[in-house]
Amino acid sequence: LLGGLAASDVAGREAALRDSLGAPVTVLVTREEVGAGDPLDRAALAVRQVPARYAPDGAFAARGDVAGLKAAVAIPAGLDVTPALVADPAELAQAAVPVAPGERVAEVVALGSPSLVVRGSRVDVLVTREAGGARGETSVALEDAEVLAAAPAPEGAGQPGEGPRVALSLRVKLRDAVYLASAQSSAVLRVLPRAAGDRARGARGLRAGPSG
C-alpha cells in the first residue's frame, strides 16, 4: 500500500512537471561552428528535443527549414538556430554593398599617405594629365569623397609617382566612377585628406599648369 502511494505521488509530480515545462518539441541546433556568411549545410546541423518551455521563440525545427540560407553571424557549435542568426543570401549581398541607389564604389590607387587616408575619412581627388611624357595640367576632379576602405598600395600597383600610394575605395556617383576609371589608366591620381567636419565644396574643376 505504501509503495503504491509513493508511486502514485511520483507519477503525480512527474505529470505536474510535464505540465509546467510543456510537451517536448524539436529544435534545430548546430553540430559544429558555422562561420558568418557560410551556408547552413545539413552536415553542420542536428535536431534535439527540449521541453517547450525552454525552446527559443521562433526556433527552427528541421534542417529543411533553413535550406538555402546562410549564417548572418558566426554560430557556435551546440547553439539553437533561430531566425535572428540566419539570413537570405540575397539580403546578405545587398547589405554588403555600402552604397545607396545611384552611387558606386570606385576602386583607385593614388598618391597619398596611408596613415592619413583611412576608412571613414573624406578626400579630394586631383588628376594630373601627362603631356609628351611630362606632367601636364592638374585639376580637382572630385571633392569630399567618402573613403570606404583604404590600405597601402602594393609595390608596382597603380601609376608611377613620387611618394607613398594608397589603394582605396570611394563612395561616388556613377559619372564620377566612370571618370576615375578612365583617369586611372591615363593620368596620375592624388588624394588630399580633409579635416574632420570640412564639407565645403566649390573647387571642383579648378586647374593649374605644370608649374603652378
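Our structure is the block above this text.
Being a predicted model, the structure only gives us computed values, none of them experimental.

The rules we used
- Residues numbered from 1 in each chain as written.
- Predicted model: local features only at pLDDT ≥ 70, side-chain atom pairs only at ≥ 80, totals over all residues.
- Heavy atoms only, no water.
- Core = buried A, V, L, I, M, F, W, Y, C linked by side-chain atoms within 4.5 Å.
- Buried < 20%, exposed > 50% of the residue type's maximum accessible area, 1.4 Å probe, protein only.
- Helix = DSSP H or I, 4+ residues; strand = E, 2+ residues; numbered from the N terminus.
- Contact = heavy atoms within 4.5 Å.
- Polar contact = N/O pair within 3.5 Å; in protein donor to acceptor, adjacent residues only side chain to side chain.
- 1 Å grid on protein atoms, 1.4 Å probe; cavity = no way out; pocket = protein on both sides within 12 Å on 5 of 7 lines; lining within 4 Å.
- Points joined across faces, edges and corners; volume = space filled by probe spheres on them.
- Nonpolar A, V, L, I, M, F, W, Y, C, P; charged D, E, K, R; others polar.
- Salt bridge = Lys/Arg side-chain N within 4 Å of Asp/Glu carboxyl O.

**Student:** Before we move on, can you summarise the nonpolar core with the specific residues and values?
**Tutor:** In summary, soluble globular proteins display a tendency toward joint burial of nonpolar side chains. Membership of the largest hydrophobic core comes to 21 residues, with the highest contact counts inside it found for V117, V123, L168, L170, V172, L180 and V191. Looking at this core, the elements with two or more residues in it are β5 (103–111), β6 (122–131), β7 (134–152), β8 (165–173), α3 (174–186) and β9 (187–193). Apart from residues lying up to four places away in sequence, L180 is in contact with A106, V108, V125, L142, L170 and V172. Ranked by size, the runner-up nonpolar core spans 13 residues in total, among them F60, V66, V81 and V86.

**Student:** Which residues make up unusual backbone geometry, and what values go with them?
**Tutor:** With phi around 55 degrees, D144 is a residue other than glycine that occupies positive phi space. Position of D144 among the secondary structure elements: in strand β7. Looking at D144, the relative accessible area reads 3%, which means it is buried.

**Student:** Account for the side chain of S169, with residues named and values stated.
**Tutor:** Within the element layout of this structure, S169 appears in strand β8. For S169, the contacting residues outside a window of four places in its chain are V105, A106, E107, E146, V147, L148 and A149.

**Student:** Tell me about the side chain of D80, and please be specific about residues and values.
**Tutor:** With respect to the helices and strands, D80 occurs in the loop between β3 (70–71) and β4 (86–87). For D80, the side chain forms a polar contact with the side chain of R48, separated by 2.8 Å. The contact partners of D80, leaving out residues within four places of it in the chain, are V27, L28, V29, R48, P56 and L85.

**Student:** Could you give an account of the layout of surface pockets, with specific residues and numbers?
**Tutor:** Taken as a whole, the largest pocket encloses approximately 240 Å³ of empty space. Considering the residues around the largest pocket, the lining is formed by 13 residues, among which E143, R171, K173, D176 and R201 are closest to the centre. Elements supplying a minimum of two residues to the lining of the largest pocket: β7 and β8. The greatest single-element share of the lining of the largest pocket, amounting to 5 residues, is contributed by β7. A class-by-class count of the residues in the lining of the largest pocket yields 3 nonpolar, no polar and 10 charged.

**Student:** Can you lay out the pattern of salt bridges for me, pointing to particular residues and giving the numbers?
**Tutor:** One pass over the structure, following the stated rule, counts 10 salt bridges. With a closest N to O distance of 2.6 Å, D144 and R199 form a salt bridge. Pair noted here: D144 is in strand β7 and R199 is in the loop between β9 and β10 (207–208), with a separation of 55 residues, a long-range link. For R199, a relative accessible area of 47% gives the class partly exposed.

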